[in-house]
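Observations on chain architecture
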Amino acid sequence: MCCNCQDIAHVSREYSDFIREYNKFLKYYIKTSLFFVVINSLIESKNTQILDLHIQAIEAHIAATNASIKLMVLYALLVQKYWNSTHANN
């Protein structure tokens, strides 16, 4: 699902930034999901030593949220750039 760096080289800097941030978001999203699966399994098995995993999951979730916010900002910039380029002569 992640783009190859050679694919990114042929597009605008803004789009390259967008794809990099999207890949970062996916990485943290998957990491968070895996942490929560493990945490839930440990809770079900009555294992009480899960605090460290829970903290890591929260940190990964925060990183995914931050990447998502950056992703939306970059998306807005891409849309604005597209709008400006298509309406420049109007």
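Residues numbered from 1 in each chain as written. Predicted model: local features only at pLDDT ≥ 70, side-chain atom pairs only at ≥ 80, totals over all residues. Heavy atoms only, no water.

1. Some thoughts on the environment of His-87
Mapped onto the elements of the fold, His-87 is located in the segment after helix H3 (51-86). At a separation of 3.0 Å, a polar atom in the side chain of His-87 contacts the main-chain carbonyl oxygen of Trp-83. Among the polar contacts made by the side chain of His-87, one reaches the side chain of Thr-86 at a distance of 2.9 Å. (Helix = DSSP H or I, 4+ residues; strand = E, 2+ residues; numbered from the N terminus. Polar contact = N/O pair within 3.5 Å; in protein donor to acceptor, adjacent residues only side chain to side chain.)

2. Some thoughts on the packing of aromatic side chains
Two descriptors summarise a pair of aromatic rings, namely the distance from one centre to the other and the angle between the planes of the rings. Scanning the entire structure with this criterion turns up three aromatic pairs. Aromatic pair Tyr-15 and Phe-18: ring centres 6.4 Å apart, planes at 25 degrees, arrangement stacked. On the criterion of helical spacing, the pair formed by Tyr-15 and Phe-18 is a turn pair, its members being three residues apart in helix H2 (residues 13-44). Tyr-15 sits in the partly exposed class, given a relative accessible area of 35%. Judged by relative accessible area, Phe-18 falls into the buried class, the value being 15%. Through a chain of ring-to-ring contacts, three or more aromatic side chains come together here, namely Tyr-15, Phe-18 and Tyr-75. (Phe/Tyr/Trp six-rings, centres within 6.5 Å; stacked < 30°, edge-to-face > 60°. Buried < 20%, exposed > 50% of the residue type's maximum accessible area, 1.4 Å probe, protein only.)

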